[in-house]
Amino acid sequence: MVDTQIRPSDVTKYPIIDAMLSVPREAYVPDDLREAAYLGENLEVAPGRVMLDPRTLAKMLDALDLQPHETVLDLGCALGYSSALIARLVLGVVAVESDTAMAVEAQRNLSGHDVDNAAVIDGPLAEGAAKHGPYDVIALQGGAAAFPDTLVKQLKVGGRIACVFMEGALGVCRIGHRTEEGVVWRYAFNASAPIVEGFEAIAEFAL
């Protein structure tokens, strides 16, 4: 996976490569999908929910430029793989998973692999986990048409957000930088993922 998907995508930072080599991806997928764990595509782990393909996740972590002293809010951790990776790069991870069964399994997986600086919260992804914030970084493990202001408020000024914004079948990953006035979004790379609940387009009111 690292040699065929990660390095060819210009992800060369040693901490990310080391995390990708150290965290067993197959341990964080449903048993019947273990043989497909390392495919270079999004892996559906529940209706409308995916584990991001290795390239997208690695490039997202690379673009975020995570630092060892930072705390990350990981939204939509599924069975815990993204949180396990991120936990190797930062001080702590607060993961939110809206599927109760997956949240329980994610915490079990993380504990079973001695990831002691990540905790999983069962709740709506779009609500985040304000009581544990503010965060240095927020990462969404899925697609979005819009990013809720409730989550922006959980990010420190100067913090970053990684989000795959979808427009039809096409999407791009953007990195948002929090300012006093709001978020400034910048293009990072092309990517795609199904839009997760709570991140749909905001309906516009019209007379």
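Basis of the calculations
- Residues numbered from 1 in each chain as written.
- Predicted model: local features only at pLDDT ≥ 70, side-chain atom pairs only at ≥ 80, totals over all residues.
- Heavy atoms only, no water.
- Helix = DSSP H or I, 4+ residues; strand = E, 2+ residues; numbered from the N terminus.
- Rg over C-alpha atoms; globule rule 2.2 N^0.38 Å.
- Buried < 20%, exposed > 50% of the residue type's maximum accessible area, 1.4 Å probe, protein only.
- Contact = heavy atoms within 4.5 Å.
- Salt bridge = Lys/Arg side-chain N within 4 Å of Asp/Glu carboxyl O.
- Expected span 1.5 Å × (residues − 1).
- Polar contact = N/O pair within 3.5 Å; in protein donor to acceptor, adjacent residues only side chain to side chain.

Participant: Account for the overall build of the chain, with residues named and values stated.
Facilitator: A tally of regular secondary structure across the chain gives 6 helices and 9 strands. Whereas a compact globule of 207 residues would reach a radius of gyration of roughly 17 Å, the chain reaches 16 Å, a difference of no more than 12%. Along the first, second and third principal axes, the C-alpha set of the chain runs to 55 × 35 × 35 Å. Sorting the 207 residues of the chain into buried and exposed places 53% on the buried side. If you take every contact in the chain between residues at least 6 apart in sequence, the share linking residues at least 24 apart comes to 56%.

Participant: Quick rundown of the pattern of salt bridges? Include the residues and the values.
Facilitator: Enumeration according to the criterion identifies 8 salt bridges in this entry. Between lysine 13 and aspartate 65 there is a salt bridge whose closest N-O contact spans 3.3 Å. Of this pair, lysine 13 sits in the loop between helix H1 (2-6) and helix H2 (14-22) while aspartate 65 is found in the loop between helix H3 (54-64) and strand S3 (71-75), placing the two residues 52 residues apart along the sequence. Lysine 13 gets classed as partly exposed once you look at its relative accessible area, which sits at 32%. The network of salt bridges with shared partners includes Lys13, Asp62 and Asp65.

Participant: Report on helix H5 (residues 100-112), specifying residues and quantitative values.
Facilitator: The end-to-end C-alpha distance of H5, which contains 13 residues, comes to 18 Å, matching closely the 18 Å that a straight helix rising 1.5 Å per residue would cover. Where H5 is buried, its residues meet strand S1 (43-46), strand S2 (49-51), helix H4 (81-87), strand S4 (92-97) and strand S5 (118-122). Its side-chain oxygen 3.1 Å from the backbone nitrogen of alanine 101, aspartate 99 forms the N-cap of H5. Once H5 ends, the next one or two residues include aspartate 114, with phi positive near 60°.

Participant: Residue-level account of H3, with values.
Facilitator: Since the α-helix turns once every 3.6 residues, residues separated by three or four places project in the same direction. Counting buried residues in H3 gives 8 out of 11 residues, a clear majority hidden from the surface. Three or more residues of H3 are buried, namely Pro54, Thr56, Leu57, Ala58, Lys59, Met60, Leu61 and Leu64. Directly after H3, the chain includes aspartate 65, whose backbone phi takes a positive value near 50°.

Participant: Outline the environment of histidine 69, supporting the account with residue identities and numerical values.
Facilitator: The residue histidine 69 is located in the loop between H3 and S3 in this model. Remark: the alpha-carbon pair of histidine 69 and glycine 159, spanning 90 residues in sequence, is separated by 13 Å. Once residues within four sequence positions are removed from consideration, histidine 69 is found in contact with Leu91 and Asp136.

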